[in-house]
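# A look at the structure
The chain contents come next:
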Amino acid sequence: MLYRRLIPKIVVESFASKDSKGFRSILTRSYSPYRVVGDPLSQIKIQQSNLVDEIMLVNRVRSEFDLNFCNLVLQACEFLNSPLLVGGAITRTLHADMIFDAGADKIVIGQNRGDRKLLENIATKYGVQSLTISVDYTDKDLESGFEDFFRRELSLGYLNLAGELCLNNISKDGRGEGPDLTLVDIFRSETNVPIVVGCGISTVNQIAQCFEIGCDAVTLSTFLSQTDQSIKQLRSHLSLLGVHIRTKN
Amino acid sequence: MIHIIGSPSSNARGVYCAYTDLGVEAKIVTNPLELAHAKKIVLPGVGAFGELSRFLFESKLNVSLQELVESGIKVLGICLGMQILGESSEESKETAGLKFLNLESRKFNALESRVPHTGWDQVSIYKNHAILKGLSTEFSAYFSHSYYMPFQDDLSLAVTDYGVAFTSVVAKGNVVGVQFHPERSQGNGRKILSNFADW
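Residues numbered from 1 in each chain as written. Chains lettered and ligands numbered in written order. Predicted model: local features only at pLDDT ≥ 70, side-chain atom pairs only at ≥ 80, totals over all residues.

### Remarks on the packing of helix α2 (residues 67–77) of chain A against helix α3 (residues 93–102) of chain A
All names here are of chain A. In contact at an axis separation of 8 Å, α2 and α3 are set at 25° when each is read in the N-to-C sense. Taken together, the axis directions place α2 and α3 in an arrangement best described as roughly parallel. Here Cys70, Val73, Leu74 and Cys77 of α2 lie close against α3, whose contacting residues are Met98, Ile99 and Ala102. Across the contact of α2 with α3, the residue classes break down as seven nonpolar, no polar and no charged. (Axes fitted to C-alpha atoms, helices over the stretch in contact; angles between N-to-C directions. Helix = DSSP H or I, 4+ residues; strand = E, 2+ residues; numbered from the N terminus. Parallel < 35°, antiparallel > 145°, perpendicular 65-115°, else oblique. Contact = placed C-beta atoms within 7 Å. Nonpolar A, V, L, I, M, F, W, Y, C, P; charged D, E, K, R; others polar.)

### Overview of the sheet that holds strand β5 (residues 88–89) of chain B
What holds strands together in a sheet is hydrogen bonding between their backbones, with the strands either parallel or antiparallel. Strand order in this open sheet of three strands is β5-β6-β9 (chain B), and the pairing throughout is mixed. Edge positions in the sheet fall to β5 and β9 (147–148) of chain B, since each of these pairs with one other strand and no more. (Pairing = 2+ DSSP bridges.)

### A word on helix α5 (residues 186–198) of chain B
All names here are of chain B. In this model, α5 (13 residues) spans 18 Å end to end at C-alpha, consistent with the 18 Å of a helix rising 1.5 Å per residue. Among all positions in α5, only Gln186, Asn188, Gly189, Lys191, Ile192, Leu193 and Phe196 are buried. The inward-facing, buried residues of α5 abut α1 (12–21), β3 (40–43), β4 (74–78), β8 (138–145) and β12 (175–178). (Expected span 1.5 Å × (residues − 1). Buried ≥ 20, exposed ≤ 12 C-beta atoms within 10 Å, placed from the backbone.)

### Overview of the nonpolar core
Across soluble globular proteins, nonpolar side chains have a tendency to be buried as a group. Counting 129 residues, the largest nonpolar core has Leu57, Val73 and Val218 of chain A as the members making the most contacts within it. By residue number, the principal contributor to this core is α1 of chain B, which donates six residues. With near-sequence residues (within four places) excluded, valine 73 of chain A lies in contact with Leu57, Val86, Ile99, Ala102, Gly103 and Ala104 of chain A. (Core = buried A, V, L, I, M, F, W, Y, C linked by C-beta atoms within 7 Å.)

### Some thoughts on the interface of chain A and chain B
Contact residues are listed per partner, giving 31 residues for chain A and 30 residues for chain B. Those elements that place two or more of their residues in the side of chain A that touches chain B are α3 and α4 (116–126) of chain A. With three residues, α4 of chain A is the largest single contributor of residues to the side of chain A that touches chain B. Among the residues making up the side of chain A that touches chain B, the classes are represented as 11 nonpolar, 10 polar and 10 charged.

### Regarding the pairing of β12 of chain B
Residue and element names in this part refer to chain B. Side chains Val175 and Gly177 project from β12 onto one buried face, and the interleaved Val176 and Val178 project onto a second face that is buried too. Pairing of β4 with β12 involves four bridges; the strand directions are parallel. Note that in β12 the partner of valine 75 across the bridge is valine 175. Counting the residues that bridge the hairpin from strand β11 (residues 165–172) to β12 gives two residues, and of these glycine 173 lies at a positive phi of roughly 60°.

Below, the structure written as structure tokens:
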């Protein structure tokens, strides 16, 4: 039986000053930069030392694919012994090729999930298991009802090309008020791919609730940076709550 | 020296970095000539069966691998790289495997389990083998696949239960395969890669 997964999500943005340039890891609120938290490679090393289940590395810039971002992936893969999921403005198969070539195990497509041709090309080459679709939405998208939103998503035609679905209510991102779980059931009724929930998680009980309603994994960003909880501690707490979670390698 | 087959869709780099991290010399290769002095070969995972099969047959690596295996060179297949060691796969019926193992890969039943089988799961050792040296009889590893090799008593070294008991480690002579990703399975995975280097 598969273990439930805790996935630290490391969001990065590029920076350039007169002394240096590169990527820094940030916290976001509603997907907008909120606070700089440090060096992404150091953060990945810290998570790896906690024997993390998987790491999600996302370039926040959504408008244009950044070739330098591939170098960051490349550097991370030099020491990483955990699975790596990578996303950030992947709009062409070539971008996916570059990310996989740099050492990623899976890629995330969010904004371009309606580009069926792109998804088909990636799925044919790398297999659907390598493709995570990030369903990013806001409270506003749900104003006409979540069934209506779901029908619109269904019409994009990505469900049979997804190896995993990541449901993210952007309005909840970075606010710690708990994740939006309203879409889990409706997506589950149409597809049997693993479901990941992110955005807004701030307590162990919220994580346990995600697993209770059938999510396979959760992504954690602000929670890990703003509290004294580590993945190791979370695992112990969740295990005590009866969650089927990996507590040792 | 470990020679890693770098098919266009593989995560050869992940395996390369894992071996480098272990202090074992490794090289990514893409054509038969580079295998001339190979002693240990890894066929990494990630990708689709049809694409990998076409790459191996068009590059003639299939012929080299056949000759090398017959001469006693050891081969480790990872994930899709393990499935390609078999006869064929339901994923791409028009393309063939390398036929080192008399097994066909089948698709998980999405009505019974979530597909793909993605994440960390238990591996239960069924038979001892040099590749599994130092591992507990039950250990966890990272999987990411939609197709599996069924359990076969004479070939399976370890099994994982996911609605169906499938082969998670397989061996026949000097050919071994693991369905999970040792390069991403932390300490347990590193042990397997190290065992292969020492085998």
